[in-house]
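The chain contents come next:
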Amino acid sequence: MSALENGPVARFERVGKVYDDEGLAVTAVKCVTFEIPRERFAMIVGPSGSGKTTLLNLIGLIDVPTSGRLEVCGEDVGALADNALTDFRSRNIAFIFQSFNLLPVLTAYENVEYPLLLIGVKQKERRERTMAVLESVGLSDKRHHRPNQLSGGQKQRVAVARALVKRPALVLADEPTANLDSRTGAEITALMRKMQTEHKVSFVFSTHDPQLISHADDTFVIRDGELVAHEEEGRTP
């Protein structure tokens, strides 16, 4: 973890991403160079089709660059074989989605516990960590509820807990407030900020939500696959 502790959570060096759309080359990201500082609330913003989701997928190791060099959590991801890439992602990166992506047949507790099962955490520690993070998001009393018994805000709280339970270095959030009303979205934003500060984890968002963007430490503006602005702000009290 020393490389991460001394450097950015993500470093792009002339990174490009080209997709093959039925034989047609589509450039989603054009030779971008920038760094995302660690332990920050960072936003990637831009119009639909600008490339921000592609950037999030690259940081999350869901996609790999077509060109350039990308470091995530201090690791040159281009040097990792497929199996090593999957293992690195499962241990260091977590995701929060606008559609929550909870498993409907599992309870809130089981949804949060599930990532720990995947990385082989023993039962006693799984229970301790799952209960602790459910408590921290205010849902210990809902631990036996399935997703269809929860409100949208409660589902997203479960999703936040699930992301944090494995203690990742980086949480990626794709439009996490898009399916919530403004009041609930503000509550979830405050919760994620609280969790980011307490757990000293890096959050990177792709979002259109002005209320969420107003809390950004760093805002990276993407247009037509290129970085056109980087704004750095002080922390919101």
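Look above for the structure.
Now for a description of the structure that goes with this document.

Calculation notes
- Residues numbered from 1 in each chain as written.
- Predicted model: local features only at pLDDT ≥ 70, side-chain atom pairs only at ≥ 80, totals over all residues.
- Heavy atoms only, no water.
- Helix = DSSP H or I, 4+ residues; strand = E, 2+ residues; numbered from the N terminus.
- Buried < 20%, exposed > 50% of the residue type's maximum accessible area, 1.4 Å probe, protein only.
- Contact = heavy atoms within 4.5 Å.
- Phe/Tyr/Trp six-rings, centres within 6.5 Å; stacked < 30°, edge-to-face > 60°.
- Pairing = 2+ DSSP bridges.
- Axes fitted to C-alpha atoms, helices over the stretch in contact; angles between N-to-C directions.
- Lys, Arg positive; Asp, Glu negative; His and termini not counted.
- Salt bridge = Lys/Arg side-chain N within 4 Å of Asp/Glu carboxyl O.
- Polar contact = N/O pair within 3.5 Å; in protein donor to acceptor, adjacent residues only side chain to side chain.
- Expected span 1.5 Å × (residues − 1).

**Re the environment of K155**
- Within the element layout of this structure, K155 appears in helix α6 (residues 152-164).
- Exposure remark for K155: the relative accessible area of 23% places this residue in the partly exposed category.
- For K155 and P104, which are 51 residues apart along the polypeptide, the C-alpha to C-alpha distance reads 11 Å.
- Filtering out sequence-adjacent residues up to four positions away, K155 remains in contact with F100, L102, P147 and L150.

**What to know about the packing of aromatic side chains**
- Under the criterion given, the structure shown has six aromatic pairs.
- Arranged with centres 4.6 Å apart and planes meeting at 15°, the rings of F12 and F34 form a pair that is stacked. Within this pair, whereas F12 is found in strand β1 (residues 10-21), its partner F34 is found in strand β2 (residues 24-36), the two being separated by 22 residues in sequence. For the residue pair F12 and F34, the accessibility class agrees, reading buried in each case.
- Ring geometry for F95 versus F97: centroids 6.0 Å apart, planes at 10°, classification stacked.
- Assessed through its relative accessible area of 29%, F97 is described here as partly exposed.
- Ring-pair connections join several aromatic residues into one group, and the members of that group are F12, F34 and F220.

**A look at the sheet that holds β1**
- The sheet built from four strands is open, its strands ordered β2-β1-β4-β5 with antiparallel pairing. Both edges of this open sheet fall to β2 and β5 (75-76), since each of them pairs with a single strand only.
- Two elements, strand β4 (residues 67-72) and β5, share two bridges in a ladder whose sense is antiparallel. Residue V72 lies in a different strand from β5, and its bridge partner there is E75.

**Looking at the sheet that holds strand β9 (residues 218-223)**
- The mixed open sheet is built from six strands, whose spatial order is β6-β7-β8-β3-β9-β10. Strands with a single pairing partner mark the edges of an open sheet, and in this sheet they are β6 (93-97) and β10 (226-232). Neighbouring strand axes in the sheet, compared pairwise and without regard to direction, differ in orientation by 20° on average.
- With five bridges connecting them, β6 and strand β7 (residues 170-174) associate as parallel partners. Looking across to β7, one finds that F97 is bridged to D174.

**Focus: the side chain of D209**
- Along the chain, D209 falls in the loop between β8 (202-206) and α8 (210-213).
- Buried charge without a salt bridge: D209, with K52 as the nearest opposite-charge side chain at an N-O distance of 13 Å.
- Among the polar contacts listed, one links the side chain of D209 to the backbone nitrogen of Q211, at a separation of 3.0 Å.

**Section: helix α7 (residues 182-199)**
- The end-to-end C-alpha distance of α7, which contains 18 residues, comes to 25 Å, matching closely the 26 Å that a straight helix rising 1.5 Å per residue would cover.
- For α7, the full list of buried residues reads T184, G185, I188, T189, L191, M192, R193, M195 and Q196.
- Contacts made by the buried residues of α7 are with β3 (41-45), β6, α5 (123-136), α6, β8 and α8.
- Its side-chain oxygen placed 3.1 Å from the backbone nitrogen of R183, D181 serves as the N-cap of α7.
- Looking one or two residues beyond α7, the residue adopting positive phi is K200, at roughly 50°.

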